[in-house]
Amino acid sequence: MPSRSNNEQRAGSRSPPTLLRRLRELVDPVALYRQRPGRADDMPPEALIGKGVRFVQRIYRLRVIGLGVGFFCVAAGFMQNPVIWPLWLALFGHGYLWPHVARHWALNSAIPYRAERRNLVIDAAIGGFWIAALNGNLIPSAVIISMLSMDNIAAGGLRLFMRGLYASIAACALGWWLLDAHFLPQSDLTTVLACLPMMALYPLALGKSTYEMSKKLAERSREFEIVSQTDGLTRLFNRRYWESQLIAEFEQRSQGGAGSHQAFLLLLDLDHFKSINDTHGHLTGDEVLRNFSRLLRAALRADDLIGRYGGEEFVVILRDIAPAEALQLSQRLVEAARSTNDENNLYGCTVSAGLVPFSADMEAHFVWLQRADHAMYCAKESGRDRLVVWDASLARRNGAP
Ligand SMILES: Nc1nc2c(ncn2[C@@H]2O[C@H](COP(=O)(O)OP(=O)(O)OP(=O)(O)O)[C@@H](O)[C@H]2O)c(=O)[nH]1
């Protein structure tokens, strides 16, 4: 029986279960500040320089609303249980000056993202202090705790929430001791009414901001998806994505689940393309490739899947098409290349093409490709600038699949 190495055994017996380790990391205040390799929020400082400007702006808007409205919530508690004037001054400063100071501070630091997370922990600490100054007045204290928790969990997940929670508890304890607070949990009607706008407005603002962010994220991931499927030069599908579509079409056809007509694979290769590069340079070669892609897009149907297979080789899946139409379309492409091969377009290039229908006797998608390659090769062999349609006799003559 295979035995684990000593190192593996030792590591296995020492590492606690993942859930337990995660819990311990969340509860241990030191672990909350320890770097975790590979996490976006714990990346090395060099990788984060200048990052997080949009994050700062988003939190700034939320802070202006939250603290601006939250001022009345705490102020009502101060009126219910009167406090010394410096606390009023501090409350005003926190409500109406701190959002601007925090933004300025974060934007002017090397890593705005990290600075803003630090500001959020400061918010939590100040919130904890207000709870002490309010003598634990229940409604404003509960509003402060829930709004701060929402903020921190939305901005930085459980870890930031826990950092904020520790900061709140520490600042509340310090404030309680400094102000010699007494526990007075009752909230009068004015205090409750003053807290209502905060309870209604802030979750709306946070929800809207989170929704906008997730919308942007969805747009970005769609853009990324398109880029990952596209050939950078021609804007056609790249080989990897196109091949995945070929496999899908092949499997659908093999199971008899595709359209009522046939499917064809067309492989096109520009003739003597190397001489374009040699004579006119690589940039002109690139232009010819782009012009040919445009010609393909204009000549083919919207449903046809066009890809750049590599170099000067292009591939098309003609889906759900009658054989006569597939032949006519392919023939027309070869003729179109021939008739537009002037100095402004294909620079004398013609095209050789191979056309292959789907056939149930092919055991995998690559046989379809091999047949198309074989037909295209026959077109090259027999003088280029033409279309060859694959059939079994062609294969028998040349020993192809
Ligand atoms: N400009 C440019 N050239 C490319 C690109 N990819 C491949 N090539 C060039 O395409 C040329 C292909 O040459 P060959 O395979 O000999 O094909 P050919 O000259 O068309 O000859 P036949 O196919 O036999 O007609 C090579 O010189 C490659 O360097 C590209 O993205 N841009």
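Residues numbered from 1 in each chain as written. Predicted model: local features only at pLDDT ≥ 70, side-chain atom pairs only at ≥ 80, totals over all residues. Heavy atoms only, no water.

In the nomenclature of an unreviewed UniProt entry, the protein is known as diguanylate cyclase of Herbaspirillum frisingense.

1. Considerations on the environment of Val-74
As a reminder of what qualifies: Under the scheme used here, helices are H or I runs from DSSP no shorter than 4 residues and strands are E runs no shorter than 2 residues, and both carry numbers assigned from the N terminus. Burial classes follow relative accessibility: with a 1.4 Å probe on protein chains only, a residue under 20% of its type's maximum area counts as buried, one over 50% as exposed, and anything between as partly exposed. Should any heavy atoms of two residues lie within 4.5 Å, those residues are counted as being in contact.
For Val-74, the position within the fold is in helix H4 (residues 53-80). On the accessibility criterion, Val-74 (4% relative accessible area) is buried. Non-local contacts of Val-74, meaning those with residues more than four positions away in its chain, are made with Leu-91, Trp-130, Leu-134 and Ile-144.

2. Overview of the sheet that holds strand E2 (residues 305-310)
To summarise the sheet geometry, strands pair through backbone hydrogen bonds and adopt either a parallel or an antiparallel arrangement. Using the following cut-off: Strand pairing follows a simple DSSP-based rule, namely that at least 2 bridges must link the two strands. Fitted lines through C-alpha atoms give the axes, limited to the stretch in contact for helices. The angle between two N-to-C directions lies from 0 to 180 degrees.
As summarised here, the arrangement of the five strands in space is E2-E3-E1-E4-E5, forming an open sheet in which the pairing is mixed. One side of each edge strand has no neighbouring strand; the edge strands of this open sheet are E2 and strand E5 (387-389). Taking the axes of each pair of neighbouring strands and ignoring which way they run, one obtains an average angle of 20° across the sheet. Of the strand pairs in this sheet, strand E1 (residues 262-270) and strand E3 (residues 313-321) are connected by seven bridges, and their pairing is antiparallel. Bridging across to E3, Leu-265 finds its partner in Ile-317.

3. Some points on the side chain of Asn-277
Following the sequence through the fold, Asn-277 ends up in helix H10 (residues 273-280). Setting aside anything within four residues of it in sequence, one finds Asn-277 in contact with His-282 and Gly-285.

4. Overview of the packing of aromatic side chains
What counts, and what does not: The criterion for an aromatic pair is that two Phe, Tyr or Trp rings (for Trp, the six-membered ring) have centres within 6.5 Å, with stacked assigned to planes under 30 degrees apart, edge-to-face to planes over 60 apart and tilted to the rest.
For the structure shown, the criterion picks out 14 aromatic pairs. Summarising the aromatic geometry, the rings of Phe-55 and Tyr-113 are spaced 5.2 Å apart at their centres and angled 50° between planes, so their arrangement reads as tilted. One end of the pair, Phe-55, is in helix H4; the other, Tyr-113, is in helix H6 (residues 112-133), with 58 residues separating them in the sequence. Judged on exposure class, the residue Phe-55 and its partner Tyr-113 are both buried.

5. Overview of unusual backbone geometry
Both trends apply: most residues other than glycine have a negative phi, and most peptide bonds are in trans. Even without being glycine, Asp-320 reaches a positive phi, approximately 45°. Residue position: Asp-320 is located in strand E3. Even without a glycine there, the phi angle at Arg-384 is positive, about 65°. Note on placement: Arg-384 falls in the loop between helix H13 (365-381) and E5.

6. Structural notes on the pairing of strand E4 (residues 351-357)
Which entries qualify depends on this criterion: Look down the strands so they point away from you; if the path from the first strand over the helix to the second goes clockwise, the crossover is right-handed.
Where burial is concerned, most of E4 is hidden: six out of the seven residues are buried. In terms of strand pairing, E1 meets E4 through seven bridges, oriented antiparallel. Its bridge partner lying in E4, Asp-269 is registered against Ser-352. Examined bridge by bridge, E4 and E5 share three bridges and lie parallel to one another. Counted as the bridge partner of Leu-355 is Val-389 from E5. Between the parallel pair E4 and E5, the chain is carried across by H13, and the sense of this crossover is left-handed.

7. Looking at a positive patch on the surface
To keep things clear, this is the line we draw: Residues with no salt bridge and a relative accessible area higher than 30% make up the patches, which join like charges within 9 Å and nonpolar side chains (Val, Leu, Ile, Met, Phe, Trp, Tyr) within 5 Å. Note on areas: Shrake-Rupley, 1.4 Å probe, and residue coverage restricted to the protein chains presented here. Criterion for a salt bridge: a side-chain nitrogen of Lys or Arg within 4 Å of a carboxyl oxygen of Asp or Glu. His is not counted, nor are the chain ends; Lys and Arg add positive charge and Asp and Glu add negative charge. Think of each charge as sitting on NZ of Lys, CZ of Arg, CG of Asp or CD of Glu.
On the surface, a cluster of positive charge is made up of Arg-54, Arg-61, Lys-216 and Arg-220. Where the positive patch is concerned, the elements lending two or more residues are H4 and helix H8 (189-229). With respect to the helices and strands, the residue Arg-61 is situated in helix H4.

8. Overview of empty space enclosed by the protein
Worth spelling out the cut-off: Using protein atoms alone on a 1 Å grid, points that fit a 1.4 Å probe yet trap it form a cavity, whereas open point sets bounded by protein on both sides within 12 Å along at least five of seven lines form a pocket; residues with an atom within 4 Å of a point count as lining. Grid points are joined across faces, edges and corners, and a volume is the space filled by probe spheres set on the points. Gly counts as polar in this scheme, as do all residues outside two lists: the nonpolar Ala, Val, Leu, Ile, Met, Phe, Trp, Tyr, Cys and Pro, and the charged Asp, Glu, Lys and Arg.
The tally for this structure, following the rule as stated, stands at two cavities of 30 Å³ or more. Reported here for the largest cavity is a volume of approximately 320 Å³. Lining of the largest cavity is provided by 23 residues; of these, Gly-66, Leu-67, His-94, Leu-148 and Met-198 occupy positions nearest its centre. Sorting the residues of the lining of the largest cavity by element identifies H4, helix H5 (85-107), H6, helix H7 (138-178) and H8 as the ones contributing at least two each. Top element by residues in the lining of the largest cavity is H4. It accounts for nine residues. Partitioning the lining of the largest cavity into residue classes produces 15 nonpolar, five polar and three charged.

9. Examining the site of the ligand
Cut-off, in case you're wondering: Throughout, the term near means that a residue has one or more heavy atoms lying within 4 Å of the molecule or strand in question. We define a polar contact as two N or O atoms separated by no more than 3.5 Å, with the added condition that, inside protein, one atom must be a possible hydrogen donor and the other a possible acceptor, whereas residues neighbouring each other in sequence contribute only through side-chain atom pairs.
Inspection of the region around the ligand gives 17 residues, with His-272, Phe-273, Lys-274, Asp-286 and Arg-308 positioned closest. Measuring from a nitrogen atom of the ligand, one finds a side-chain N or O atom of Asn-277 at 2.9 Å. For the ligand, whose unbound accessible area comes to 670 Å², protein coverage reaches 67%. At the level of elements, E1, H10 and helix H11 (282-299) are the ones that each hand at least two residues to the shell around the ligand.

10. Side note on the UniProt feature "transmembrane region" (unreviewed entry) in the protein
Note the threshold: UniProt positions are given in the numbering used here, feature names are shortened, and annotations may be inferred rather than shown by experiment.
Under the UniProt annotation, the feature "transmembrane region" (unreviewed entry) is placed at residues 64-88, 124-148, 160-179 and 191-211. Across residues 64-88, helical content stands at 84% and strand content at 0%; the span's end C-alpha atoms are separated by 18 Å. Taken as a whole, residues 160-179 contains 95% helix and 0% strand, while its terminal C-alpha atoms sit 28 Å from one another.

11. With respect to the nonpolar core
What counts here: Nonpolar cores were defined as sets of buried Ala, Val, Leu, Ile, Met, Phe, Trp, Tyr and Cys residues, with membership established by side-chain atoms within 4.5 Å.
Formed by 30 residues in total, the largest nonpolar core has its most connected members in Leu-266, Leu-268, Leu-270, Phe-292, Leu-296 and Leu-318. In contact with Leu-268, not counting residues within four places along its chain, are Phe-292, Leu-296, Glu-312, Glu-313, Phe-314, Val-316, Leu-333, Val-351, Ser-352 and Ala-353. By size, the runner-up hydrophobic cluster in this structure holds 24 residues, among which are Leu-305, Val-367, Ala-375 and Cys-378.

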